[in-house]
Amino acid sequence: YLKGTLYDALGGEHAITTIVEQFYNRVGEHPELIPLFPDDLTETRRKQKQFLTQFCGGPALFTREHGHPRLRARHLPFPITPVKAEAWLDCMERALQASKLENDKAVQELYQRLTLTAHHMINTPS
Ligand code: HEM
């Protein structure tokens, strides 16, 4: 149980920025993920910051600029196998550790929610 939003419990904008930076540094070096992503991750980072902000109960930055997330539909152009979903989650788990946020409970809650979402993105068998 967390008081207030997950966004505030994690540490707000600063926390989301840190997590996203740490995450895409790892995505950009992961052999399973490199082939799916653009070489320049600047715009990807920006959209993910917007998305995670609203996913955690902060301001609806993603929807304001891009409309309803329809996250599964937006991922259909990419063959997301169970192996790639685990690679994504592995990058995220290590990013969260490296971000050294103070509220462990909040970090665990975020990781659990992202695990469900990542599994929901699978659209191709391994
Ligand atoms: C976009 C891969 C899971 C949120 C993308 C893109 C790829 C990708 C290749 C396009 C990047 C670009 O062109 O800039 C994957 C893979 C996943 C995964 C392999 C493994 C399960 C997730 C999850 C979330 C997420 C769990 C939510 C927390 C997003 C967002 C975008 C995005 C917000 C930007 C969508 C847009 O262009 O409007 N993802 N993703 N992804 N992904 Fe994922």
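Residues numbered from 1 in each chain as written. Predicted model: local features only at pLDDT ≥ 70, side-chain atom pairs only at ≥ 80, totals over all residues. Heavy atoms only, no water.

On to the site of the ligand, then. In the vicinity of the ligand lie 19 residues, with Thr44, Lys47, Gln48, His75 and Trp88 positioned nearest. Thr44 has a polar side-chain atom sitting 2.6 Å from an oxygen atom of the ligand. Between the ligand and His75 there is a distance of 2.8 Å, counted from a nitrogen atom to a side-chain nitrogen or oxygen. At the level of secondary structure, the elements contributing two or more residues to the shell around the ligand comprise helix H3 (42–55), helix H5 (71–75), helix H6 (82–99) and helix H7 (104–120). Its residues assigned to classes, the shell around the ligand shows 13 nonpolar, 4 polar and 2 charged. (Near = heavy atom within 4 Å. Polar contact = N/O pair within 3.5 Å; in protein donor to acceptor, adjacent residues only side chain to side chain. Helix = DSSP H or I, 4+ residues; strand = E, 2+ residues; numbered from the N terminus. Nonpolar A, V, L, I, M, F, W, Y, C, P; charged D, E, K, R; others polar.)

What follows covers the nonpolar core. Leu10, Phe23, Cys56 and Leu110 are the most contacted members of the largest nonpolar core, which has 31 residues in total. Every element with two or more residues in this core is listed here: helix H1 (6–10), helix H2 (12–27), H3, H6 and H7. Setting aside residues no more than four positions away along its own chain, Leu110 makes contact with Leu6, Leu10, Ile19, Phe55, Cys56 and Leu96. (Core = buried A, V, L, I, M, F, W, Y, C linked by side-chain atoms within 4.5 Å. Buried < 20%, exposed > 50% of the residue type's maximum accessible area, 1.4 Å probe, protein only. Contact = heavy atoms within 4.5 Å.)

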